[in-house]
Amino acid sequence: MPVSLQTLLERSVKNMGSGIHPVIKESALEMIKRAYEEGIYVQISAGYRSMEEQAKLYGQGRLGYSYNGKNYSNMSKPKVTNAKPGQSYHNFGLAIDYFISSDDGRRGLWTVNDQWRRVAEIGKELGFNWGGDWKHFKDYPHLEMAGGLSYSQLQSGKRPSLTSKVSGTYTPPERKVAPEVIKKESLSKNNGDPIIKAIQKTLNSRYNAKLDIDGLNKTKMKTALIKGLQTELNKQFKAGLDVDGKWGTKTKAAVRNVRKGAKGNITYIVQAMLYIKDYNPKGVDGHFGDGTESAVRAFQRANRLDVDEIVGKTTFAKLFGS
Ligand SMILES: [Zn+2]
């Protein structure tokens, strides 16, 4: 049974916190409702964040960081934000972050795909600015409405007067489709994807993967890619891994950083995995160039990883292990 609208709304209200601006809250809930009508299950993961909570986030992955005399450095977690306390609209209850929920409401799906972008469109119709539109640091889950006020204006106590667009006219999309139909459509669109076919052929010849050359992205592909990775790690670095196609701690320990300029079969496997996860590296060819770099960047942003464009252990784990 699909997750109910009520559940998505309740969880979102809780995650937005009591410090959220009422117009942001109303608009966020309306966005969830409109998306739900289109068969997109969206949930808000964050809203208001106190200065202390921001300090805690900023302190992740930063040595010796303190705020108001208190130590907030936490090196056991990766860097997640460049915003110090007071440098995020979340600190003033003027921003939210969203993600797509799995149909059963049990998992968050962080892939920036058509559904994700559609939610951003709905958010923008309601007056939000979307972090995915930013030129430099794209923040795909992020929506904000600040009424033109800067951080320093807000820090000095100014508050925006926001107008809710919720009661305004809403034009539903011309074609409403049930989630089952969307799934079938994307499946048939993938049918015969020549890039996936080429990956299947390569995995068969390089690693004897025995995949059907059907251009369909199936679970088997992921297993075959992990097997390929394990084979390469054994061959190139004498890692001594079982080639079982399962992502685990041993495989994670054996991977090396893959970054721009890298060439070879491991780069190929990374590109293939990015591609089947909907992050097109613009060429699955074993050469880590600009296209791969921007695919890695988008993947890291969408998964809230440290955006360094390097496929290191954490990024490998997110790509291959989930
Ligand atoms: Zn945000």
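Rules used throughout
- Residues numbered from 1 in each chain as written.
- Predicted model: local features only at pLDDT ≥ 70, side-chain atom pairs only at ≥ 80, totals over all residues.
- Heavy atoms only, no water.
- Helix = DSSP H or I, 4+ residues; strand = E, 2+ residues; numbered from the N terminus.
- Rg over C-alpha atoms; globule rule 2.2 N^0.38 Å.
- Lys, Arg positive; Asp, Glu negative; His and termini not counted.
- Charge placed at Lys NZ, Arg CZ, Asp CG, Glu CD.
- Phe/Tyr/Trp six-rings, centres within 6.5 Å; stacked < 30°, edge-to-face > 60°.
- Buried < 20%, exposed > 50% of the residue type's maximum accessible area, 1.4 Å probe, protein only.
- Lys NZ or Arg CZ within 6 Å of the ring centre and 35° of its normal.
- Expected span 1.5 Å × (residues − 1).
- Arc of directions from axis to C-beta.
- Contact = heavy atoms within 4.5 Å.
- Salt bridge = Lys/Arg side-chain N within 4 Å of Asp/Glu carboxyl O.
- Donors = N, O, S within 2.8 Å, 3.2 Å for Na, K, Ca; no water.
- Axes fitted to C-alpha atoms, helices over the stretch in contact; angles between N-to-C directions.
- Parallel < 35°, antiparallel > 145°, perpendicular 65-115°, else oblique.
- Left-handed = near helix turned anticlockwise from the far one by under 90°.
- Nonpolar A, V, L, I, M, F, W, Y, C, P; charged D, E, K, R; others polar.
- Polar contact = N/O pair within 3.5 Å; in protein donor to acceptor, adjacent residues only side chain to side chain.
- Domains from an automatic or database assignment.
- Buried area = accessible area lost by both parts, 1.4 Å probe.

1. Section: the overall build of the protein
When its secondary structure is counted, the protein shows twelve helices and seven strands. The C-alpha atoms of the protein give a radius of gyration of 22 Å, which matches the 20 Å a tight globule of 322 residues would have. Projected onto its principal axes, the C-alpha coordinates of the protein cover approximately 60 × 55 × 35 Å. Each charge sign in the protein was given a centre, from 51 positive and 32 negative side chains, and these centres are 6 Å apart.

2. Remarks on the packing of aromatic side chains
Summed over all chains, the structure comprises eleven aromatic pairs. Seen from their ring centres, Trp 247 and Phe 320 are 6.0 Å apart, and the 25 degrees between their planes marks the pair as stacked. Of this pair, Trp 247 sits in the loop between helix 8 (219-237) and helix 9 (249-254) while Phe 320 is found in helix 12 (residues 313-321), placing the two residues 73 residues apart along the sequence. Between Phe 316 and Phe 320, the ring centres sit 5.6 Å apart and the planes meet at 35 degrees, which makes this aromatic pair tilted. Pair noted here: Phe 316 and Phe 320 are both in helix 12, with a separation of four residues, about one helical turn. Across the pair, Phe 320 and Phe 316 agree in class, each one buried. One aromatic cluster is present, formed by Tyr 98, Phe 99, Trp 110 and Trp 116 through successive ring pairs. Residue placement shows Arg 206 over the ring face of Tyr 268; its charged tip is 4.8 Å from the ring centre.

3. Section: helix 1 (residues 5-16)
A rise of 1.5 Å per residue sets the reference length of helix 1, with its twelve residues, at 16 Å; its end C-alpha atoms lie 16 Å apart and thus fit the reference within 8%. Taken as a whole, helix 1 has its buried residues at Leu 8, Leu 9, Ser 12 and Met 16. Within helix 1, the buried residues cover an arc of 95 degrees as seen down the axis, which keeps them to one side. Along its buried surface, helix 1 packs onto helix 2 (22-37), strand 1 (42-46) and strand 4 (95-101). Looking one or two residues beyond helix 1, the residue adopting positive phi is Gly 17, at roughly 80 degrees.

4. Notes on the pattern of salt bridges
Taken as a whole, this structure holds ten salt bridges when the rule is applied. When the shortest N-O distance is used, the salt bridge between Glu 38 and Arg 118 registers 2.8 Å. Of the two residues, Glu 38 sits in the loop between helix 2 and strand 1 while Arg 118 sits in helix 4 (residues 114-125), which places them 80 residues apart along the sequence. Looking at Glu 38, the relative accessible area reads 9%, which means it is buried. Residue Arg 106 is joined to Asp 104 by a salt bridge in which the shortest nitrogen-to-oxygen separation is 3.7 Å. Relative accessible area serves as the criterion here: at 40%, Asp 104 is assigned to the partly exposed category. Through salt bridges that share partners, Glu 38, Arg 118 and Glu 125 make up one connected network.

5. A few points about the coordination of the zinc ion
Only His 90 (NE2), Asp 97 (OD) and His 142 (ND1) from the protein reach the zinc ion as donors, at distances of 2.0 to 2.1 Å. All donor residues of the zinc ion come from one chain, and their arrangement in sequence is H-x6-D-x44-H. Of this pair, Asp 97 sits in strand 4 while His 142 sits in strand 7 (residues 142-144), and the two are 45 residues apart along the sequence. Residue class for His 142 comes out buried when judged on its relative accessible area of 4%.

6. Points about the packing of helix 1 against helix 2
Two numbers describe how helix 1 lies on helix 2: the axes approach to 10 Å, and their chain directions differ by 155 degrees. The orientation of helix 1 relative to helix 2 falls into the category roughly antiparallel. The interaxial crossing formed by helix 1 with helix 2 has right-handed handedness. Touching Leu 5, Leu 8, Leu 9, Ser 12, Val 13 and Met 16 of helix 1 are Lys 25, Ala 28, Leu 29, Ile 32, Lys 33 and Tyr 36, all from helix 2. Taken together, the residues that form the contact of helix 1 with helix 2 break down as nine nonpolar, one polar and two charged.

7. A few points about the side chain of Arg 49
Mapping Arg 49 onto the fold places it in the loop between strand 1 and helix 3 (51-58). By relative accessible area, which is 13% here, Arg 49 ends up buried. Of the polar contacts made by the side chain of Arg 49, one reaches the side chain of Gln 54; its length is 3.0 Å. Contacts of Arg 49, omitting those with residues within four sequence positions, involve Gln 54, Leu 57, Ser 88, His 90, Asn 91 and Asp 97.

8. Quick look at the domain arrangement of the protein
As far as domains go, the protein holds domain 1 (5-49 + 88-178) and domain 2 (191-321). Taken together, the contact pairs ten residues of domain 1 with eight residues of domain 2. Together domain 1 and domain 2 conceal approximately 760 Å² of surface at their shared face, both sides included; 50% is due to carbon and sulfur atoms. Ranking the residues of domain 1 by area buried against domain 2 places Trp 110, Thr 111 and Tyr 140 at the top, with a combined share of 48%. Our enumeration of links across domain 1 and domain 2 arrives at zero salt bridges. Between the two partners, domain 1 and domain 2, sit zero residue pairs in polar contact (both at pLDDT 80 or more).

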